[in-house]
Amino acid sequence: MITIKDVEHVARLARLELTEEEKVKFSKQLGDVLTYAEQMNEIDTEGVEPMSHAIPIVNVMREDEVICTLSKEELMKNAPLKENGFFRVPKIG
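Residues numbered from 1 in each chain as written. Predicted model: local features only at pLDDT ≥ 70, side-chain atom pairs only at ≥ 80, totals over all residues. Heavy atoms only, no water.

### A short note on the overall build of the protein chain
Here is step 1: From N to C terminus, the protein chain includes 3 helices and 2 strands.
Here is step 2: Secondary structure elements of the protein chain, listed N to C terminal, follow the sequence α-α-α-β-β.
Here is step 3: On C-alpha atoms alone, the protein chain measures out to a radius of gyration of 30 Å, which is more than a quarter above the 12 Å that the 2.2 N^0.38 rule sets for 93 residues.
Here is step 4: Seen through its C-alpha atoms, the protein chain measures out along the principal axes to roughly 75 × 45 × 15 Å.
Here is step 5: In the protein chain, which comprises 93 residues, the proportion classed as buried is 10%.
Here is step 6: Surface summary for the protein chain: the accessible area is close to 9600 Å², and the carbon and sulfur share equals 58%. (Helix = DSSP H or I, 4+ residues; strand = E, 2+ residues; numbered from the N terminus. Rg over C-alpha atoms; globule rule 2.2 N^0.38 Å. Buried < 20%, exposed > 50% of the residue type's maximum accessible area, 1.4 Å probe, protein only. Areas by Shrake-Rupley, 256 points an atom, 1.4 Å probe, with all protein chains shown as cover.)

Structure below.
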């Protein structure tokens, strides 16, 4: 069972200020959560493999392929400033 002192301790760690009403409310809610977690420990999981997702997940991304769609000259047409075949950008200092 979660006591008011437990809630005060957690609130102090989280740097939260709680009213007396909130302390009572949260002690019940945290107690309910722990009770539920204990119920989960009673479930027979013998033979059940651990999993990271409830359903199987596969990577649906395609393989990376190098594709050159524009030539350097075509790309440089978009440059507002150019110098020696490169984009020129403002100095950051």
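### Observations concerning the environment of Leu34
Here is step 1: As for its position among the elements, Leu34 is in helix H2 (residues 20-41).
Here is step 2: Put simply, Leu34 and Met1 are 33 residues apart on the chain and 8.1 Å apart in space, counted from C-alpha to C-alpha.

### A closer look at the packing of helix H1 (residues 4-13) against H2
Here is step 1: Relative to each other, H1 and H2 sit at 100°, their axes nearing to 9 Å. It follows that H1 is roughly perpendicular to H2 by the angle criterion. Here Ile4, Val7 and Glu8 of H1 come into contact with H2, specifically with Lys23, Val24, Phe26, Ser27 and Leu30.
Here is step 2: Class assignment of the residues belonging to the contact of H1 with H2 gives a composition of 5 nonpolar, 1 polar and 2 charged. (Axes fitted to C-alpha atoms, helices over the stretch in contact; angles between N-to-C directions. Parallel < 35°, antiparallel > 145°, perpendicular 65-115°, else oblique. Contact = heavy atoms within 4.5 Å. Nonpolar A, V, L, I, M, F, W, Y, C, P; charged D, E, K, R; others polar.)

### Considerations on the environment of Phe86
Here is step 1: Mapping Phe86 onto the fold places it in strand S2 (residues 86-87).
Here is step 2: As for Phe86 and Glu8, which are separated by 78 residues in sequence, their C-alpha atoms are 62 Å apart.

### Notes on the pattern of salt bridges
Here is step 1: Under the definition given, this model contains 4 salt bridges.
Here is step 2: A salt bridge links Glu20 to Lys23; its shortest N-O distance comes to 3.2 Å. On the criterion of helical spacing, the pair formed by Glu20 and Lys23 is a turn pair, its members being 3 residues apart in helix H2.
Here is step 3: On the basis of relative accessible area, Glu20 is assigned to the exposed category, the value being 54%.
Here is step 4: The shortest N-O distance in the salt bridge between Lys28 and Asp32 comes to 2.9 Å. Taken together, the positions of Lys28 and Asp32, both in helix H2 and 4 residues apart, correspond to about one turn of that helix.
Here is step 5: By relative accessible area, which is 53% here, Lys28 ends up exposed.
Here is step 6: Taken together, the salt bridges that share partners define one network made up of Glu8, Glu20 and Lys23. (Salt bridge = Lys/Arg side-chain N within 4 Å of Asp/Glu carboxyl O.)

Read these as geometric descriptors, not functional statements.
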